[in-house]
Amino acid sequence: MKTEDVLNNTTDLKSEVWRWADCLGVKVHEVHVRQMRRKWASISTNGRLTLNTELLNLPAQLAEFVIVHELVHLLVPNHGKLFKGYMSAYLPDWQERQKCLNEEGITGLGKSLEACKTLSCE
Ligand SMILES: [Zn+2]
């Protein structure tokens, strides 16, 4: 049962990736979900996306934000004006989501999650 739940979640996470890749018109070649120590996700220029399994413990909106952030990097490699422009175009409330995510920290998972949920991310 438990394993199935996890698998389903990973599948959901991946389908979010395909949905957004389609939406942004970018090519993602591989999606990996694994434990990562310091990052929520990473992407290589050839479209290899790695997502932290911890994203499954976050509100879906925050996981979505991470996915969109990484995929926009296939359009813009830095966090400059253009990057922010894309983020605002596709995810108008991305700054709020980012704030929530930053409050989480990578090690403080769960602590402020409830507050975050009731704030604006849910
Ligand atoms: Zn980035």
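No experiment lies behind these values; they were computed from the predicted model shown. (Residues numbered from 1 in each chain as written. Predicted model: local features only at pLDDT ≥ 70, side-chain atom pairs only at ≥ 80, totals over all residues.)

### Considerations on helix α2 (residues 60-72)
Taking 1.5 Å per residue, 13 residues should reach 18 Å; α2 reaches 18 Å between its end C-alpha atoms and fits that length. A large share of α2 lies buried, amounting to eleven of its 13 residues. Those residues of α2 that fall on the buried side of the exposure criterion are L62, A63, E64, F65, V66, I67, V68, H69, E70, L71 and V72. (Helix = DSSP H or I, 4+ residues; strand = E, 2+ residues; numbered from the N terminus. Expected span 1.5 Å × (residues − 1). Buried ≥ 20, exposed ≤ 12 C-beta atoms within 10 Å, placed from the backbone.)

### Quick look at the confidence of the model for the chain
Chain-level statistics for the chain give a pLDDT mean of 81 and a share of 78% at 70 or above. Within the chain, the lowest mean pLDDT, 42, falls on helix α5 (residues 113-121), and the highest, 95, falls on helix α3 (residues 81-90). Confidence over residues 107-122 falls short of pLDDT 50; this stretch has 20 contacts with residues more than four positions distant or in other chains. (pLDDT = per-residue confidence, 0-100. Contact = placed C-beta atoms within 7 Å.)

### Describing the environment of P59
Here P59 shows up in the loop between β3 (48-52) and α2. Here P59 falls in the partly exposed class, since 17 other C-beta atoms lie within 10 Å of it. The sequence separation of P59 and L101 amounts to 42 residues, and the corresponding C-alpha distance is 9.8 Å.

### Considering the environment of V28
Tracing the backbone shows V28 in the loop between α1 (2-24) and β1 (30-34). Note: C-alpha distance between V28 and L71 (43 residues apart in sequence) is 8.1 Å.

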